[in-house]
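These are the residues of each chain, in order.
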Amino acid sequence: MGRFRKDGAKKNPKISTASLPDIIFMLLFFFMVTTVMRETTLYVRTQMPSATEIQTLERRSLVSFIYIGPPLQATVFGTEPRIQLYDSFADVEDIAAFIEAERQTTAEAERPLMTTSLKIDRDTRMGIVTDVKQELRKVNALRVNYSTLRGEVSVGGN
Amino acid sequence: MARMSPEINAGSMADIAFLLLIFFLVTTTMDVDTGINRMLPPPIDPNAPEPPPVRERNVFVVLVDAQDRLLVEGEPGSVDRLREQAKHFLLNPDNEPNLPVKETIEIDFIGEFDVSRGVISLQNDRGTSYEMYIAVQNELAAAVRELRDEVSRQYFGRRFSELTNEEHVTAVRRAIPMAISEAEPRDIGGRR
């Protein structure tokens, strides 16, 4: 029988941990790439109300977001609720063009599934919301999602 | 003899990377968008003939004014009681003459079912707060959801949201339609 082991070679070899950082870095990069950072900078406050009868929005690529709320920079833009589309303030009249632009970026077969997510601040009055809804009806963007948090309904101040 | 460069211990590098990883895991919010789904009514064709009037007994009128007060079927109401009222209206358990008509239709998997013809009409003012509007929408949606759950339990033995068979879902949807309509906006309380 051949001798495979020299005497005195029983010491455990040290496991090199040099590649451990590489593995962790790989994980890190994976997370950095996959998690979606907020694409738009919010200029309006959207503190959403809470509700219990909520559904989850799926297929984010088919969702267009409309933000309505009082501007964050109240000293510059005042406190009257404003509409934000993409990265800038907009008027009610711009919504038709916005929806059209969103439609252009979507495959024709999926256009009926497009949803408009309304992220509206809880203290907003319904006037501006109604205007937006009427505008959405005009361009036939009928699927809407009133964005809310999960939680008990609270009607504050009344 | 050349100086042996001392080996740098890279063991702590993993700790640093871990720290970064945990930082990213904590800060990036995988925010799930949730909300109440609704279909807006299609735009009205100005040339279309007037739709036939809905019978008064079939409509459950909910008005919200600029001060966030509720008027339910002509009487002051509150958000707490709205769900029960809406359910009672849609169900009409005692076949009262001032509550909606029921129509018996044949539904697959359920059989003959008395489908209520009732419609909840929600009308708000321009001055209503969004929070109140959502609260009312939520209660009305909850009323329909609870009715669907009842039917679903009775025929399929589980809650509506737990139904897996698409045909069962359709059957319950037909039995209890989502009959919430939003009236054409009116400017009652003046612009704010």
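Residues numbered from 1 in each chain as written. Chains lettered and ligands numbered in written order. Predicted model: local features only at pLDDT ≥ 70, side-chain atom pairs only at ≥ 80, totals over all residues.

Q: Give me the lowdown on the overall build of chain A, citing residues and values where you can.
A: Looking only at helices and strands, chain A has four helices and eight strands in total. Element order for chain A, N to C, with α for helix and β for strand: α-β-β-β-α-β-β-α-β-α-β-β. Here chain A, with 158 residues, has 27% of them falling under the buried criterion. Relative to all contacts within chain A whose residues are 6 or more apart in sequence, the contacts with residues 24 or more apart total 78%. (Helix = DSSP H or I, 4+ residues; strand = E, 2+ residues; numbered from the N terminus. Buried ≥ 20, exposed ≤ 12 C-beta atoms within 10 Å, placed from the backbone. Contact = placed C-beta atoms within 7 Å.)

Q: If you had to explain helix H3 (residues 94-104) of chain A to someone new, which residues and values would you point to?
A: Residue and element names in this part refer to chain A. Residues of H3 that are buried include every one of Ile 95, Phe 98 and Ile 99, and no others. Mapping the buried residues of H3 onto a view down its axis gives an arc of 95°, with all of them on the same face. Along H3, the residues that are exposed and aim more than 90 degrees away from the buried face are Ala 97, Glu 100 and Gln 104. (Arc of directions from axis to C-beta.)

Q: Describe the confidence of the model for chain B, naming the residues involved and giving the relevant values.
A: In regions of low pLDDT, the predicted coordinates are not meant to be interpreted in detail. This prediction gives chain B a mean pLDDT of 83; 91% of its residues lie at or above 70. Confidence metrics for the complex model read pTM 0.78 and ipTM 0.75. (pLDDT = per-residue confidence, 0-100.)

Q: Which residues make up unusual backbone geometry, and what values go with them?
A: Residue and element names in this part refer to chain B. Notably, Glu 73 is not glycine yet its phi reads approximately 50°, a positive angle. By secondary structure assignment, the location of Glu 73 is in the loop between strand S3 (70-72) and strand S4 (75-77). Here Glu 73 falls in the partly exposed class, since 13 other C-beta atoms lie within 10 Å of it. With phi around 75°, Phe 109 is a residue other than glycine that occupies positive phi space. The residue Phe 109 is located in the loop between strand S5 (102-107) and strand S6 (111-116) in this model.

Q: Describe the sheet that holds strand S2 (residues 55-56) of chain A, with residues and values.
A: Taken in spatial order, the seven strands line up as S2(A)-S1(B)-S7(A)-S6(A)-S3(A)-S4(A)-S5(A) in an open sheet, and their pairing is mixed. One side of each edge strand has no neighbouring strand; the edge strands of this open sheet are S2 and strand S5 (88-90) of chain A. Alignment of strand S3 (residues 63-69) of chain A against strand S4 (residues 82-85) of chain A, held across three bridges, turns out to be antiparallel. The residue bridging Tyr67(A) from the neighbouring strand is Gln84(A), located in S4(A). The sheet contacts of helix H4 (residues 126-138) of chain A involve S3, S4, strand S6 (115-120) and strand S7 (143-147) of chain A, and relative to S3(A) the element is tilted by about 155°. The strands touched by helix H3 (residues 130-156) of chain B within the sheet are S6 and S7 of chain A together with strand S1 (34-39) of chain B, with S1(B) carrying the most contacts at an inclination of about 75°. (Pairing = 2+ DSSP bridges. Axes fitted to C-alpha atoms, helices over the stretch in contact; angles between N-to-C directions.)

Q: Outline the packing of H3(B) against helix H4 (residues 166-175) of chain B, supporting the account with residue identities and numerical values.
A: All names here are of chain B. The geometry of H3 relative to H4 is characterised by a closest axis approach of 10 Å and an angle of 130° between their N-to-C directions. Between H3 and H4, the crossing angle belongs to the class labelled oblique. Remark: the crossing between H3 and H4 carries right-handed chirality. On H4, the residues touching Arg 148, Val 151, Ser 152 and Phe 156 of H3 are His 168, Val 172 and Ala 175. Split into classes, the residues belonging to the contact of H3 with H4 amount to four nonpolar, two polar and one charged. (Parallel < 35°, antiparallel > 145°, perpendicular 65-115°, else oblique. Left-handed = near helix turned anticlockwise from the far one by under 90°. Nonpolar A, V, L, I, M, F, W, Y, C, P; charged D, E, K, R; others polar.)

Q: Could you give an account of the sheet that holds S4(B), naming the residues involved and the relevant values?
A: All names here are of chain B. With mixed pairing, the five strands of this open sheet are ordered in space as S4-S3-S2-S7-S8. The sheet terminates laterally at S4 and strand S8 (180-182), the two strands that pair on one side only. Direction aside, neighbouring strands of the sheet carry axes that sit 30° apart on average. With three bridges connecting them, strand S7 (residues 119-124) and S8 associate as parallel partners. Among the inter-strand pairings, Ser 121 is bridged to a residue of S8, identified as Ser 181.

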